[in-house]
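Chains, contacts and geometry: an overview
These are the residues of each chain, in order.
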Amino acid sequence: MTAICVDDEPLVLQLTLSLFRDLPGFQEVEGFAGPLEALDWLENHTPDIALLDIDMPGMNGLELARRIRDMHPDTAVIFLTGYSEYALDAFQLHASGYLMKPINREKLASEVEYALSGRNRGKASNVFAKTFGNFDLLVDGRPLVFKRSKSKELLAYLVDRHGGNVSRPEAFAVLWEDTFYDRAMQKQMDVVIRSLRSTLEEAGVGEIFEIQSGWMRILPERMDSDLFRFLDGNREAIQEYRGEYMSAYSWASQTEAYLDRILQEQS
């Protein structure tokens, strides 16, 4: 397989190239310090995957991704950035992955595996995350009952991140705003995570949740959601949206505003 890495920071570019070349299955990994160099190369080559920095001068990674999608629709795109506010724009482009700097081999390998599996993945019809209005996880059409409200909220946040990796401190900051992440609260966070995993496993849908080395995420390829359908441009999902998104959670307002903006642009 072939991969490209594009980043205007020389040290970051060298690191990502080194990590990529250490992954199995890649015969060619090319690095570029800017989008224009990459586009020249892409005129005559088709990579399997592209790892793109978002914040670059001239043409940013989001615009570069659009150009790549026009040239090579089957190329999987992973964004690399130090700024989490770009995540929603990445989702609109149907990014295959989203990594926050700094990265390591394990996180990169996980995102690459997910991105490449996306070519043939299908969504399980028996698990559906309802995000318009109040959040619920439906298993075989029935709302799943959670033992802890914070576990349900954690799952809601992971769905909102659309498969992106979330660290324990990030999840804690969302679940307990303005609370210090001390030893006692770290233990409380562990209780919430264990409860979520237990609830999903007891319902027979534990495969939608993944956690390793302090990072967790849901696997969009193993479930469905009105949010995912909306971002994919599904007409029915767009018509079903009434301006309310995960109404019980204040942190969801950013995504709600983003969905509203998409709706306005299409009207």
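On a predicted model such as this, the values are computed, not experimentally measured, just so you know. (Residues numbered from 1 in each chain as written. Predicted model: local features only at pLDDT ≥ 70, side-chain atom pairs only at ≥ 80, totals over all residues. Heavy atoms only, no water.)

1. Some details on the sheet that holds strand S10 (residues 209–212)
- The sheet built from 3 strands is open, its strands ordered S9-S11-S10 with antiparallel pairing. Edge positions in the sheet fall to strand S9 (166–167) and S10, since each has one partner strand and no second.
- Pairing of S10 with strand S11 (residues 215–218) involves 4 bridges; the strand directions are antiparallel. What sits directly across from Gln212, in S11, is Trp215.
- Packing of helix H6 (residues 149–160) onto the sheet brings it into contact with S9, S10 and S11, and relative to S11 it is tilted by some 75°.
- The sheet strands contacting helix H8 (residues 183–202) are S10 and S11, and the helix crosses S10 at an angle near 140°. (Pairing = 2+ DSSP bridges. Helix = DSSP H or I, 4+ residues; strand = E, 2+ residues; numbered from the N terminus. Contact = heavy atoms within 4.5 Å. Axes fitted to C-alpha atoms, helices over the stretch in contact; angles between N-to-C directions.)

2. What to know about the packing of helix H7 (residues 168–175) against H8
- Taken N-terminus to C-terminus, the directions of H7 and H8 make an angle of 90°; their axes are 11 Å apart at the nearest point. The orientation of H7 relative to H8 falls into the category roughly perpendicular. Contacts between H7 and H8 involve Arg168, Ala171, Phe172 and Leu175 from the first element and Met185, Met189, Asp190, Val192 and Ile193 from the second.
- Classifying every residue of the contact of H7 with H8 gives 7 nonpolar, no polar and 2 charged. (Parallel < 35°, antiparallel > 145°, perpendicular 65-115°, else oblique. Nonpolar A, V, L, I, M, F, W, Y, C, P; charged D, E, K, R; others polar.)

3. Considering the pattern of salt bridges
- This structure, assessed with the given rule, holds 10 salt bridges.
- Glu210 is paired through a salt bridge with Arg217; the nearest N and O atoms lie 3.0 Å apart.
- Glu210 gets classed as partly exposed once you look at its relative accessible area, which sits at 23%.
- We classify Arg217 as buried; its relative accessible area is 3%.
- One connected set of salt bridges, linked through shared partners, spans Glu111, Glu210 and Arg217. (Salt bridge = Lys/Arg side-chain N within 4 Å of Asp/Glu carboxyl O. Buried < 20%, exposed > 50% of the residue type's maximum accessible area, 1.4 Å probe, protein only.)

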